[in-house]
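# Secondary and tertiary structure notes
Residues per chain, in single letters:
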Amino acid sequence: MVFGLLSERFLVECMNAQLGDVEMVPQLSKRATRYSAEMVKLLLIMDRTPSSNWASLSTMLTQLLKCIESNIEAATDVLPDPVLLCRVIWKCFDPKGVMGVHRKALDVLQRLCLCVGTSALVRQMPLLLVGVLELLPQCSIQVKCELLHFVEVHMLRTLPPGVVAVELPGILSAILGGLEEKDTTEVYRSTLKIMEALHTILRNAETMISVNSNPIEEVNDNRHEKEVPLGNSSEGGGEVILYSALWLTLKNCPSLRACVLLYLKMRLCGGVSQAHSVGHGSVLAESEGLEKEKKTSAS
């Protein structure tokens, strides 16, 4: 009997020791669990709602936003059913939909980005931003300004430069159409601002990415992968990636060729004018130096 008690005590101690070595998985709080269940319930209803029923989708998006805003702390801890959430956001970003649904869906997405973080959101829903980029060239002007702001704030300023470089073809095809607007419009100015931000991001990046299709290599029929450095260099550094993506857009997107050519022309004209001003300054300085030498020799 004593041996049995000792054996039982020994087993209990061993089990306690093993349990102590195992990392405990953090459990969600009751509030987070309740928030997740409520969100999934709303998302399931929206998933079953036809895209043509924009009134119901608009109402459900309002409830979704209220649910997030009333559970801010829980929303930062858990992302309810990422696959279902991504599918619902895609449905609401349908280009055939109405502006009100697009705008409310963007409000929900922005709120989630602020709560969860854009990087964490994209990590759990990699295809989420594709819906944003697909809607951008086809939505109304009012929503387009807000979407461009979202791209600038929640994509370019938040995501790592390597991720931005990989997404360049999608970003360019989504935003370059803004150059078709008048140069006094907000869409036109926002498009140029994003393009300049892309130059800055890729110029200052310090990473390496693998590029499958380099336009120069395609001309030479060389389709092997090549690592292109994203960083400062005498050959332009990471901007090579941007110009490669512009070249591919020019080649593969007939509807955007005018926009790409216009942007390249603007870049070239800016470079020429800058070089001209520098050259003019150097010539002026040289002439002033010669005049000083003449005055010195005359005196």
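So, how was this worked out
Residues numbered from 1 in each chain as written. Predicted model: local features only at pLDDT ≥ 70, side-chain atom pairs only at ≥ 80, totals over all residues. Heavy atoms only, no water. Helix = DSSP H or I, 4+ residues; strand = E, 2+ residues; numbered from the N terminus. Buried < 20%, exposed > 50% of the residue type's maximum accessible area, 1.4 Å probe, protein only. Contact = heavy atoms within 4.5 Å. Areas by Shrake-Rupley, 256 points an atom, 1.4 Å probe, with all protein chains shown as cover. pLDDT = per-residue confidence, 0-100. Core = buried A, V, L, I, M, F, W, Y, C linked by side-chain atoms within 4.5 Å. Domains from an automatic or database assignment. Salt bridge = Lys/Arg side-chain N within 4 Å of Asp/Glu carboxyl O. Polar contact = N/O pair within 3.5 Å; in protein donor to acceptor, adjacent residues only side chain to side chain. Axes fitted to C-alpha atoms, helices over the stretch in contact; angles between N-to-C directions. Parallel < 35°, antiparallel > 145°, perpendicular 65-115°, else oblique. Patch = residues over 30% accessible without salt bridge, like charges linked within 9 Å, V, L, I, M, F, W, Y side chains within 5 Å. 1 Å grid on protein atoms, 1.4 Å probe; cavity = no way out; pocket = protein on both sides within 12 Å on 5 of 7 lines; lining within 4 Å. Points joined across faces, edges and corners; volume = space filled by probe spheres on them.

### Points about the overall build of the protein chain
Each helix and strand counted, the protein chain has 15 helices and two strands in total. Buried positions account for 37% of the 299 residues belonging to the protein chain. When contacts within the protein chain are restricted to residue pairs at least 6 apart in sequence, those whose partners lie at least 24 apart make up 67%. Carbon and sulfur atoms make up 58% of the accessible area of the protein chain, which amounts to about 17,800 Å² in all.

### What about the confidence of the model for the protein chain?
Per-residue confidence for the protein chain averages 77 on the pLDDT scale, and 70% of its residues sit at or above 70. Predicted confidence is poor over residues 207-235, with pLDDT under 50, and the contacts of this stretch with residues over four places away or in other chains come to 49 contacts. This model gives residues 271-291 a pLDDT under 50, and the stretch forms zero contacts once residues within four places in sequence are excluded.

### A closer look at the nonpolar core
Counting residues in each nonpolar core, the largest one holds 76 residues, and the members touching the most others are Tyr-35, Leu-172, Leu-176, Met-195 and Leu-198. Two domains each put at least three residues into this core: domain 1 (1-17 + 29-159) and domain 2 (170-211 + 237-270). When sequence neighbours within four positions are dropped, the list of residues in contact with Leu-176 reads Thr-191, Met-195, Leu-246, Thr-249, Leu-256, Cys-259 and Val-260.

### Details of the pattern of salt bridges
Within the structure shown, the criterion is met by six salt bridges. Among the ionic pairs, Asp-47 bridges to Arg-87, the shortest N-O distance being 3.1 Å. With Asp-47 in helix H2 (residues 30-48) and Arg-87 in helix H5 (residues 82-92), this pair connects stretches of sequence that are 40 residues apart. Judged by relative accessible area, Asp-47 falls into the partly exposed class, the value being 25%. Residue class for Arg-87 comes out partly exposed when judged on its relative accessible area of 41%. Note that Glu-196 is salt-bridged to Arg-267, the shortest N-O span being 2.9 Å.

### Thoughts on the side chain of Thr-49
The residue Thr-49 is located in the loop between H2 and helix H3 (54-69) in this model. We classify Thr-49 as buried; its relative accessible area is 10%. For Thr-49, the side chain forms a polar contact with the main-chain oxygen of Ile-45, separated by 2.7 Å. If we skip the residues at most four places from it in the chain, Thr-49 touches Ser-56, Leu-57 and Lys-91.

### Quick notes on the packing of H2 against H3
Two elements in contact, H2 and H3, have axes whose closest approach is 10 Å; the angle formed by their N-to-C orientations is 170°. In terms of axis orientation, H2 runs roughly antiparallel to H3. Only Leu-57, Met-60, Leu-61, Gln-63, Leu-64, Cys-67 and Ile-68 of H3 make contact with H2, whose side of the interface consists of Tyr-35, Glu-38, Met-39, Leu-42, Leu-43, Ile-45 and Met-46.

### Topic: a nonpolar patch on the surface
Taken together, the side chains of Trp-90, Leu-127 and Val-130 define a hydrophobic patch exposed on the protein surface, amounting to about 270 Å² of accessible area. The topology assignment puts Val-130 in helix H8 (residues 128-135). For Val-130, a relative accessible area of 37% translates into the label partly exposed.

### Looking at empty space enclosed by the protein
All told, the structure shown has one cavity of 30 Å³ or more when counted by the stated rule. If you add up the space inside the largest cavity, you get close to 50 Å³.

### Remarks on unusual backbone geometry
Phi is positive for Asp-81, which is not a glycine, with a value near 40°. Note that Asp-81 resides in the loop between helix H4 (72-77) and H5.

### With respect to the side chain of Asn-71
In this fold, Asn-71 is placed in the loop between H3 and H4. You can call Asn-71 buried: its relative accessible area is 10%. A distance of 3.1 Å separates polar atoms of two side chains, one belonging to Asn-71 and the other to Ser-70. If near-sequence neighbours (up to four positions away) are discounted, Asn-71 is found in contact with Arg-31 and Tyr-35.

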